[in-house]
Amino acid sequence: MPNSPLVSTVRRRQLGKALRRLRNSAGLTLDGAAEAMGWKGPKLSKIENATQSIRPAELSSLLTVYGVSDPEVFTALDSLAKDAGKRGWWQTYSGVLSPAYTDYISLESDAESIRIYSPGLVPGLLQTAAYARETIAVNAMTRTPEEVTALAEVRQARQAVLSRTNRSPLELWAIIPEAVLHQRFAVRPAIMREQLRRLLDAAELPNVTVQIMPLNATLHPGTIGGFNLISFPGPLPDVVQLENLLGSSYVEDTASVKLHAAAYERILAAALPPDDSLALIARMEEGTARERTKG
């Protein structure tokens with residue numbers, strides 16, 4: 001029985017796009033590059049279209065054919081080739097994670113930086129355990145309590161990228177509307193106070209920037225919806241993640257990614273500066289503490 005095609009993950013598509021770009025830069029057709037490798041044409045086409053894997057040794061030979069000598073390019077693409085079917089800690093939760101979510105976590109673990117505009121919630125990488133559980137329970141309407149607990153654990157485990165030591169920690173830039181911080185939790189009112197403290201503590205990390213979009217902000221592109229702009233080291237292209245009730249989707253073509261990057265700059269310009277943002281969060285934390293004392 002023939003092997004079924006590989007799942008076209010974002011990582012495989014990144015590798016395929018990078019190889020296609022390098023082939024075009026080398027002035028080679030698919031047939032010409034395949035002939036130089038001693039392959040049949042369809043193999044290279046499948047690799048570029050993310051439906052077939054490439055072994056690291058094959059990748060090294062292919063990059064030589066393309067005249068690539070930059071070690072940074074080789075290292076980045078070699079990592080993609082080795083990890084195209086990457087398995088990580090998240091596989092422990094494979095029973096509750098959708099393929100799209102595992103794909104995102106894998107990208108997040110590879111990313112150099114992520115810029116987030118989160119219009120409805122505090123970003124997952126900055127959530128407390130209690131906040132994560134309550135918000136997942138509200139949005140994952142078809143999940144059992146056990147699955148909600150597992151998803152909350154995943155959200156907490158993802159935060160390790162902010163303090164990883166095997167490479168530079170993830171650079172995180174998060175813009176959060178002020179209205180999000182006014183949300184209240186009926187079961188545990190203290191959840192938001194703890195979450196505000198978490199934001200202040202996270203912002204002390206040199207690789208984390210938090211900005212608040214004030215209630216009286218000027219109009220900006222974020223009014224259409226939120227997104228994550230994910231950037232990678234070396235020659236790998238940026239990717240935009242969009243999320244809704246049905247899951248995640250990705251924007252990968254260069255023009256659309258550039259449009260989102262330009263939109264993020266406009267959103268950034270409408271937000272409070274970092275110092276003013278943290279001062280606002282601190283005042284809100286003090287306010288929730290006073291409310292608790294009165295209660």
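Parameters and conventions
Each residue is numbered by its place in its chain's sequence as written, counting from 1. Given that this is a predicted model, residues contribute local features only at a pLDDT of at least 70 and side-chain atom pairs are listed and counted only at 80 or more, while totals for whole chains, interfaces and linings are drawn from all residues. In computing side-chain properties, one takes all heavy atoms of the structure into account and sets aside hydrogens as well as water. Secondary structure follows DSSP: runs of H or I at least 4 residues long count as helices, runs of E at least 2 residues long count as strands, and numbering of each begins at the N terminus. Categorising residues by exposure relies on relative accessible area from a 1.4 Å probe, with only protein chains included: less than 20% of the type maximum marks a residue as buried, more than 50% marks it as exposed, and the intermediate range marks it as partly exposed. We call two residues in contact when some of their heavy atoms are within 4.5 Å. For accessible areas, the Shrake-Rupley method is used with a probe of radius 1.4 Å. Any residue's cover is judged against the shown protein chains and nothing else. His is not counted here, nor are the chain ends, while Lys and Arg score as positive and Asp and Glu score as negative. Lys charges are placed at NZ, Arg charges at CZ, Asp charges at CG and Glu charges at CD. What counts as a ring pair is set by centres within 6.5 Å for rings of Phe, Tyr and Trp (its six-membered ring), and what kind of pair is set by the plane angle: stacked under 30 degrees, edge-to-face over 60, tilted for all other angles. The directions considered for the arc run from the helix axis to the C-beta atoms. Two strands form a pair only when DSSP identifies at least two bridges running between them.

This brings us to the overall build of the protein chain. On a plain count of helices and strands, the protein chain comes out with eleven helices and six strands. The C-alpha extent of the protein chain, read off along each of the three principal axes, is 75 × 45 × 35 Å. Within the protein chain, buried positions represent 46% of all 295 residues. Summarising the internal contacts of the protein chain: among those between residues at least 6 apart in sequence, 73% fall at separations of at least 24. A total of about 15100 Å² of accessible surface is found on the protein chain, and carbon and sulfur atoms cover 55% of it. Positive and negative side-chain charges in the protein chain, numbering 32 and 31 respectively, have mean positions lying 3 Å apart.

Attention now moves to the packing of aromatic side chains. Counted according to the given criterion, the structure contains three aromatic pairs. Ring geometry for Tyr131 and Phe185: centres 5.5 Å apart, planes at 65°, overall edge-to-face. Of this pair, Tyr131 sits in helix α7 (residues 129–139) while Phe185 is found in the loop between β2 (171–177) and α9 (190–202), placing the two residues 54 residues apart along the sequence. Judged by centre distance (6.1 Å) and plane angle (75°), the ring pair of Phe227 and Tyr264 falls under edge-to-face.

This part is about the environment of Ser163. Here Ser163 lies in the loop between α8 (145–158) and β2. Taking C-alpha positions, Ser163 is 8.8 Å from Leu205, a pair spaced 42 residues apart along the chain.

Of all the positions in helix α2 (residues 30–37), only Ala33, Ala34 and Met37 are classed as buried. An end-on view of α2 places all buried positions within 100° of arc, on one side of the element. Of the exposed residues in α2, those oriented more than 90 degrees away from the buried face are Asp31, Glu35 and Ala36. Of the residues flanking the end of α2, it is Gly38, one or two places downstream, whose phi is positive at about 75°.

A few words on the pairing of strand β4 (residues 227–231). Counting buried positions along β4 yields five of five residues, so the element is predominantly enclosed. Because side chains alternate across β4, one face comprises the buried residues Phe227, Leu229 and Ser231, and the other comprises Asn228 and Ile230, equally buried. By the bridge criterion, five bridges tie strand β1 (residues 113–117) to β4 in an arrangement that is antiparallel. Bridge pairing in β4 links Ser113 to Ser231.

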